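Spelled out from the first residue to the last, the chains are:
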Amino acid sequence: MSSVDVKIEAFEGPLDLLLHLIDKNKFNIFDIPIVEITEQYMEYLDKLTAEGVDKLSDFLVMAATLISIKAKMLLPEPESEEEDEEDPRAELVRALLEYKMYKYASIELRDMELDAEKTLYKHETIPSEIKNMKEDIDPADVIGDTTIVLLNEIFLQIMKRENDKIDPVRSKFGNITKEEIRVEDRMAEIRGSLKGLKSINFRTLLSEKRGKLNIIVSFLAVLELIKSGAVSVRQDELFGDIMLDSLE
């Protein structure tokens, strides 16, 4: 059996040492091979004695416990019809599990403490005028018996009313953008088209601009030009093209 090269400073007590030996050998904590673990523990205890360590009482008590368990397990089981006795290792297993739980909890707390040391807090810098300011109206007086639940119910009712107002068909329409087209501007464009010409085909004039709004504005612009005496309209034959003659 190879010796266990450990130092007393690495362990806080006999249970800590036993956990180390169990983890190192990959033993099942619920089925500890008591013979092997006792031999390794005693080898470690011999090293402590050789180094002249004074505080060995806890380690010696655990050694006695291990030897006692080892002896009980080596003895032949009595032939009896009574219920099976508890495993001699059960008490040791419970102690190891409890110690392991507290050990890992202490590691978690230590890590939390280390993380907390890295936390920085900003000192209070609120101006005294704001810090000492008091509301003219106490919100509690305004709210009264209104609770968060009641406020939520009111909110949901209002939102339902708003949703009911939405037209399921028209709500799917796109946005209509307004086109800025002025009659005066179109009148100036028609005057420009007639400049240097005696007449112009009304259909040709309308084809210069696309869209319903442009056609409507073009009609209004022609009517205004006729009204002001700038142009005249003629149709040489039935269903023929409408011609605009310049009077300027």
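For the structure, see preceding data.
Throughout this document, residue positions are counted from 1 along each chain, in the order its sequence is written. Per-residue local features of the predicted model are confined to residues with pLDDT of at least 70, and side-chain atom pairs are confined, for both listing and counting, to 80 or more; whole-chain, interface and lining totals are unaffected and use all residues. Here the side-chain values reflect all heavy atoms present in the structure, with hydrogen atoms and water set aside.

Quick look at the nonpolar core
The condition that has to hold: To qualify as a nonpolar core, a set must consist of buried Ala, Val, Leu, Ile, Met, Phe, Trp, Tyr and Cys residues joined through side-chain atoms within 4.5 Å. Type-normalised accessible area, obtained with a 1.4 Å probe on protein chains alone, sets the label of each residue: buried when under 20%, exposed when over 50%, and partly exposed for intermediate values. Numbering of helices and strands runs from the N terminus, with a helix taken as a DSSP run of H or I at least four residues long and a strand as a DSSP run of E at least two residues long. Whether two residues are in contact is decided by their heavy atoms: any pair within 4.5 Å suffices.
Grouped together as the largest cluster of nonpolar side chains are 25 residues, with contacts concentrated most on Leu18, Ile37, Tyr41, Leu66, Leu92 and Leu96. Listing elements by their share of this core, those giving two or more residues are helix H1 (14-25), helix H2 (34-50), helix H3 (57-74) and helix H4 (90-117). The biggest single contributor to this core is H2, with 6 residues. Each residue touching Leu92, except ones within four places of it in the same chain, is listed here: Leu18, Ile34, Met62, Leu66 and Ile69. Within the second largest apolar cluster, 13 residues are counted, among which are Met187, Leu205, Val222 and Val231.

Quick word on H3
Our working definition: By this rule the span expected of a helix is its residue count minus one, scaled by 1.5 Å. This arc corresponds to the set of directions leading from the helix axis out to the C-beta atoms.
The end-to-end C-alpha separation of H3 is 26 Å, in line with the 26 Å expected for 18 residues at 1.5 Å each. Every buried residue of H3 is accounted for by Phe59, Met62, Ala63, Leu66 and Ile69. Along the long axis of H3, the arc covered by the buried residues comes to 130°, so they all point the same way. Of the exposed residues in H3, the ones pointing more than 90 degrees away from its buried face are Val61 and Lys72.

Points about a nonpolar patch on the surface
The cut-off we apply is this: Patch membership requires more than 30% relative accessible area and the absence of a salt bridge. Residues of like charge join within 9 Å; the nonpolar side chains Val, Leu, Ile, Met, Phe, Trp and Tyr join within 5 Å. All accessible-area figures derive from a Shrake-Rupley calculation using a 1.4 Å probe, and residue coverage is judged against the displayed protein chains alone. Criterion for a salt bridge: a side-chain nitrogen of Lys or Arg within 4 Å of a carboxyl oxygen of Asp or Glu.
Residues Ile216, Leu220, Leu223, Ile226, Val233 and Ile242 make up a contiguous nonpolar surface patch of about 490 Å² in total accessible area. Per-element accounting of the nonpolar patch gives the leading share, 4 residues, to helix H10 (residues 212-227). Among the structural elements, Ile242 can be located in the loop between strand S2 (231-234) and strand S3 (243-246).

Description of the pattern of salt bridges
With the rule as written, the count across this model stands at 9 salt bridges. In this structure, the salt-bridge partner of Asp16 is Lys103, at a minimum N-O distance of 2.8 Å. Residue Asp16 is found in helix H1, and its partner Lys103 is found in helix H4; the two are separated by 87 residues along the sequence. Between Arg182 and Asp185 there is a salt bridge; the shortest N-O distance is 3.0 Å. Since its relative accessible area comes to 39%, Asp185 is described here as partly exposed. Each of Asp31, Asp87 and Arg89 takes part in salt bridges that share partners, so that together they form one network.

Focus on the pairing of S3
How we decide: The pairing criterion for strands is at least two bridges between them, as found by DSSP.
Pairing of strand S1 (residues 199-201) with S3 involves 3 bridges; the strand directions are antiparallel. Within S3, the residue paired with Ser199 across the bridge is Asp245.

Remarks on the packing of H1 against H3
When two helices pack together, their arrangement is given by the angle between the helix axes and by the axis-to-axis distance. To keep it simple, the criterion reads: Axis lines are fitted through C-alpha atoms, for helices just across the contact stretch, and the angle between N-to-C directions can take any value from 0 to 180 degrees. Here the word oblique covers every angle except those under 35 degrees (roughly parallel), over 145 (roughly antiparallel) and from 65 to 115 (roughly perpendicular). Three residue categories are used. Nonpolar comprises Ala, Val, Leu, Ile, Met, Phe, Trp, Tyr, Cys and Pro, charged comprises Asp, Glu, Lys and Arg, and polar comprises the others, including Gly.
Close contact between H1 and H3 brings their axes to 9 Å; oriented N to C, the two are set at 55°. Considered as vectors, H1 and H3 are oriented oblique to each other. Of the residues in H3, those touching H1 at Pro14, Leu15, Leu17 and Leu18 are Asp58, Phe59, Met62 and Leu66. Tallied by class, the residues present in the contact of H1 with H3 amount to 7 nonpolar, no polar and 1 charged.

A short note on the packing of aromatic side chains
Here is the rule we go by: Two rings from Phe, Tyr or Trp (for Trp, the six-membered ring) form a pair when their centres sit within 6.5 Å of each other. Planes less than 30 degrees apart are called stacked, planes more than 60 degrees apart edge-to-face, and all others tilted.
A full pass over the atoms with the stated rule returns 1 aromatic pair. Here the aromatic rings of Tyr44 and Phe59 are separated by 6.2 Å at their centres, their planes lie at 45°, and the arrangement is tilted. Residue Tyr44 is located in helix H2, and its partner Phe59 is located in helix H3; the two are separated by 15 residues in the primary sequence. Given a relative accessible area of 1%, Tyr44 falls into the buried group. Given the relative accessible area of 6%, Phe59 is considered buried.

A short note on the side chain of Thr38
For clarity, the cut-off: By the criterion applied in these results, polar contacts are pairs of N or O atoms within 3.5 Å in which, for protein atoms, one can donate a hydrogen and the other can accept it, and in which residues neighboring in sequence qualify only through two side-chain atoms.
Examined against the element boundaries, Thr38 turns out to sit in helix H2. From its side chain, Thr38 meets the backbone oxygen of Ile34 in a polar contact 2.5 Å long. Setting aside its immediate chain neighbours within four residues, Thr38 contacts Leu66, Ile67 and Lys70.

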